[in-house]
Amino acid sequence: MVDYTTPVTTAFEMQRASIEQSQKALEQSFEFQKNVNEAVIDSLDTQESAQRRGVELSKTAFHSYLDAIESTVPGVAGSVDEVRQAVDEQYDFLLENHAEVFDNVESEMVEGADAYDEMTQEYLDAVTEQVEMLVDAHEELESQSIEAAEQFGDQLDEVQEQVEEMQAQVEEVQAKAADAVEA
């Protein structure tokens, strides 16, 4: 007897493997995006620190410029001190706002990433539920297909047996006819 179910089983197994791989790929793409979001948020402290150092370096450079003016131009010490104080106030204001902006950006990004994580988890849960339903229906279809293939195989075997019996009967009748013609 020939096994007619092997190709059917193999096809269904390949389809299920494809469905499961697609689901895993989707999960991995969401996980990748989540990791990117975390990396961006984690890098904010470094960016803030680098920018703060840049602002402080600019302040130091401006102070050096004022020192150079003060040492080369006689009688401007009072004016330079006023400018220095005004510059310090502006830089202090800038650095305070700088920190506040980064705090706000970070909290907004964290909030956005959390919302994204929650949304994608809900989506993945729904997809997982749908895939499970699909796989269950797929397995039911497979069992029905295998049953149909087995029935077809059984019927084909019966037809083949009947053909072989008829062929044997025909050969027997031919042999008797040949014997009768010779006798």
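Structure's up top.
Below is a short write-up of the structure. A quick note: this is a predicted structure, and the numbers were derived from the prediction, not measured.

**Considering the pattern of salt bridges**
Okay, so step 1: Taken as a whole, this structure holds seven salt bridges when the rule is applied.
Okay, so step 2: Note that Asp88 is salt-bridged to Lys59, the shortest N-O span being 4.0 Å. Of this pair, Asp88 sits in helix H2 (residues 77–182) while Lys59 is found in helix H1 (residues 6–72), placing the two residues 29 residues apart along the sequence.
Okay, so step 3: Put simply, Arg84 and Glu70 hold a salt bridge, and the shortest N to O gap is 3.5 Å. Taken together, the residues span a long stretch of sequence, with Arg84 in helix H2 and Glu70 in helix H1 at a distance of 14 residues.
Okay, so step 4: Residues joined by salt bridges that share partners form a network here, namely Lys59, Asp88 and Asp92.

**Section: the side chain of His138**
Okay, so step 1: Looking at the secondary structure, you find His138 in helix H2.
Okay, so step 2: Side chain to side chain, His138 and Gln15 meet in a polar contact 2.7 Å long.
Okay, so step 3: Polar contacts involving the side chain of His138 include one to the side chain of Arg16, which spans 3.2 Å.
Okay, so step 4: If we ignore the near neighbours within four places in the chain, the residues touching His138 are Phe12, Gln15 and Arg16.

Conventions adopted
Counting starts from 1 at the beginning of each chain's written sequence and moves along it residue by residue. Whole-chain, interface and lining totals are the exception, using all residues; otherwise, since this is a predicted model, local features are given only for residues with pLDDT of at least 70 and side-chain atom pairs are given and counted only at 80 or more. With hydrogens and water excluded, all non-hydrogen atoms of the structure serve as input to the side-chain values. Salt bridges are defined as contacts in which a side-chain nitrogen from Lys or Arg sits within 4 Å of a carboxyl oxygen from Asp or Glu. Here a helix means four or more residues in a row that DSSP labels H or I, a strand means two or more in a row labelled E, and each is numbered from the N terminus. Two N or O atoms form a polar contact when they lie within 3.5 Å of each other; inside protein one atom must be a possible hydrogen donor and the other a possible acceptor, and for residues adjacent in sequence the pair counts only when both atoms belong to side chains. By definition in these notes, contact holds between two residues if any of their heavy atoms fall within 4.5 Å.

Purely geometric numbers; function is a separate question.
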